[in-house]
Amino acid sequence: MHKTFKKKERLFKRNLIKELFAKKSSYFYLYPFKMVYQFLPAQDSDHQGVQVLFTVPKRNFKRAVDRNHIKRLFREAYRNNKHLLSNKNNLVIGYIYTSSKIEEYIFLEKKLKQSLERLSNEVNQAIENESKI
RNA sequence: AAUGCAAGGGACCUUAUCGCUUCGAGUACAAUUCGAAGAGGAAAGUCCGGGCAGCAUAGGGCAGCGUACUUCCUAACGGGAAGGACUGAUAAAUUUAAGUUUUUCAGUACAGACAGUGCAACAGAAAGAUACCGCUCCGCUUGCGGAGUAAGGGUGAAAUGGUGGAGUAAGAGCCCACCGCAAUACCGGGUGACCGGUUUGGCAUGGUAAACCUUACGCGUUGAAAGACCAAAUAGGUACUUCUGGCCUCGUUUUUGUUUUACAGAAACUGGUCAAUGGGCGGCUCGUCCAUGACUCUUAUGAGCAGAAGUAUGGGUAGGUUGAUGGAGCACAACAGCAAUGUUGUGCCUAGAUAAAUGAUAAGGCACUUUAUAGUGGACAGAACCCGGCUUAUGAACUUGCAUUCUAU
């Protein structure tokens, strides 16, 4: 699998983002970020695969340079580790950076890896439950 | 030499790997492959000015807002250049002194106070017309009154030219000399602000316009989330065509189809019902009673109204395309100009994203720190339609200027 990160894999539709941050979505905290995710109805053929969104709040980082830098680190880390979610479909993910200081790339990558593994497990469980029923 | 302040240029370079955005090439498209390009001096603040676009708009005036020494530059500006005046500092010259002249540097919202209205705390006698103390004269009751007086005292941010003389009761530009000041006078220089000289004037025309105000000039308004185009699903709109005319059917009649006495459909009659209309009564968002009604009009074809179905179509939402990056463009040279800047020639194409691309990792060079190993790439800060400015932010080192301290001569 190529380590690409094209527009297809990014979350940019306004309505989808609204839905993602509505109350229904599941989420968990893992320093230094918060992860929000949601499964979409399967019949929607528009968005196959996984779509991701990264945000950094302006409250903690007033300069746009810092916000851009963190988002770029996020993107790089996700790009290198997205194979963990390779066979998942119809999944929308949002990352919110909650720390108030800029972390190292290596640390961020490790944590992002953990979050992806955890999400992958939850997805597998959900699929198993559905098949049991 | 050190420290501090201000100004200035400058804002590490090259290559590889994995990625992102745009453009170009190749195959029928996509995916993929190859090649090229990809943040700043302030991209920031959004403070001015313009382009561009929509809307508005006869012409003029008032109001409101802005600007305010002169000339020039510019698409335009509240920006810039050159110059003038004033203020402050500095050094020198001159004068008895006050002051004046010149050198260098810095600063100035720098039009108008004989158009009008207003304002000036405290102090002070008095702040726009004034006598508190003092000085002088006169009167008498001998410590008071009247008159004159801005030389002296004191107050204040500000008190009505300065020095000397003459003069006087005491004084005073009342008069004189020198200095200063004013002038819508005259002469000369300058495009002009203004400058120099002459003459005149005793100089009583106080200050404040970052108080109202007056004068001159300028300003329509909104803002790329502008504007233009394409356009799914769903629900409305419009047009046409067809069908139906409140609902129910125990019963009767007629008629059509299938397979016959049965079944299904249609029409009419009767009956029921009331959700439609009108009226009466009551306990009045309702109930009850009565009447009308089988949608209305027309002799009829048909027309109107309401509903259903079908077809076509307009606007328009999600979404997409465009606006949107070849321009008041950049580099170099020549010429014009003191300069800002302009003209001409040659060469170049240099981000264009859209929930928003420029990142990560490594190697080498270079710079700095450190004895070295090693470390760091340092500040301010991320394009969002595009330009011209202004303002603010900016580490270390370097260059220039100024100030202070120390050392040496």
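Structure's up top.
Sequence order sets the numbering: in each chain, residues are counted from 1 along the sequence as written. Written order decides the labels, with chains lettered from A and ligands numbered from 1. Local features in this predicted model are restricted to residues of pLDDT 70 or higher, and side-chain atom pairs are both shown and tallied only at a pLDDT of 80 or more, whereas totals for entire chains, interfaces and linings draw on every residue. Side-chain figures throughout are based on the complete set of non-hydrogen atoms in the structure, without hydrogens or water.

Visitor: Go over the packing of aromatic side chains, please, and point to the residues and values.
Guide: Working definition: rings of Phe, Tyr and Trp (its six-membered ring) pair if their centres are within 6.5 Å, and the pair is stacked with planes under 30 degrees apart, edge-to-face with planes over 60 apart, and tilted otherwise. Evaluation of the coordinates by the stated rule reveals 8 aromatic pairs. Cluster of aromatic residues (ring-pair linked, three or more members): Phe33, Phe54, Phe61, Phe74, Tyr78, Tyr95 and Tyr97. When the ring centre of Phe28 is taken as origin, the NZ or CZ atom of Arg118, which lies over that ring, is 3.9 Å away. Only when the NZ atom of a Lys or the CZ atom of an Arg is both within 6 Å of the ring centre and within 35 degrees of the ring normal do we say a charge sits over the ring.

Visitor: Pulling in residues and values, what's your account of the pattern of salt bridges?
Guide: Side chains that carry opposite charge are capable of pairing whenever their charged atoms lie near each other. Only one rule defines a salt bridge in this text: a Lys or Arg side-chain nitrogen within 4 Å of an Asp or Glu carboxyl oxygen. Across all of its chains, the model carries 1 salt bridge by this definition. Among the ionic pairs, Arg63 bridges to Asp66, the shortest N-O distance being 3.3 Å. Only protein chains enter the accessibility calculation, which uses a 1.4 Å probe; a residue whose area is less than 20% of its type maximum is buried, one above 50% is exposed, and one in between is partly exposed. The class for Asp66 is buried, based on a relative accessible area of 16%.

Visitor: Any details on the side chain of Arg67? Residues and values, ideally.
Guide: Strands here mean DSSP runs of E at least two residues long; helices mean DSSP runs of H or I at least four residues long; both are numbered from the N terminus. Here Arg67 shows up in helix H2 (residues 64-81). All tallies of charge rest on Lys and Arg as positive and Asp and Glu as negative; His and the ends of each chain are not included. The side chain of Arg67 is buried and forms no salt bridge, while Asp66, the nearest opposite charge, is found at 7.7 Å. Residue contacts are defined here by distance: any two heavy atoms, one from each residue, within 4.5 Å place the two residues in contact. When near neighbours in sequence (up to four residues on either side) are disregarded, Arg67 contacts Val56, Pro57, Lys58, Phe61 and Lys62.

Visitor: If you had to explain the sheet that holds strand S3 (residues 50-55) to someone new, which residues and values would you point to?
Guide: Spatially, 4 strands are ordered S1-S2-S4-S3 in an open sheet, and the strand pairing comes out mixed. Lying at the two open borders of the sheet, with one neighbouring strand each, are strand S1 (26-30) and S3. Each strand axis lies, on average, 15° off the axis of its neighbour in the sheet, ignoring direction. We call two strands paired when DSSP finds no fewer than two bridges between them. Summarising the sheet, strand S2 (residues 33-39) and strand S4 (residues 91-97) pair through 7 bridges and their orientation is antiparallel. When the bridges of S4 are listed, Met35 appears paired with Tyr95. A fitted line through C-alpha atoms serves as each axis, taken over the contacting stretch for helices, and the angle formed by two N-to-C directions is quoted from 0 to 180°. On the sheet, H2 packs against S2, S3 and S4 and is oriented at approximately 155° with respect to S3.

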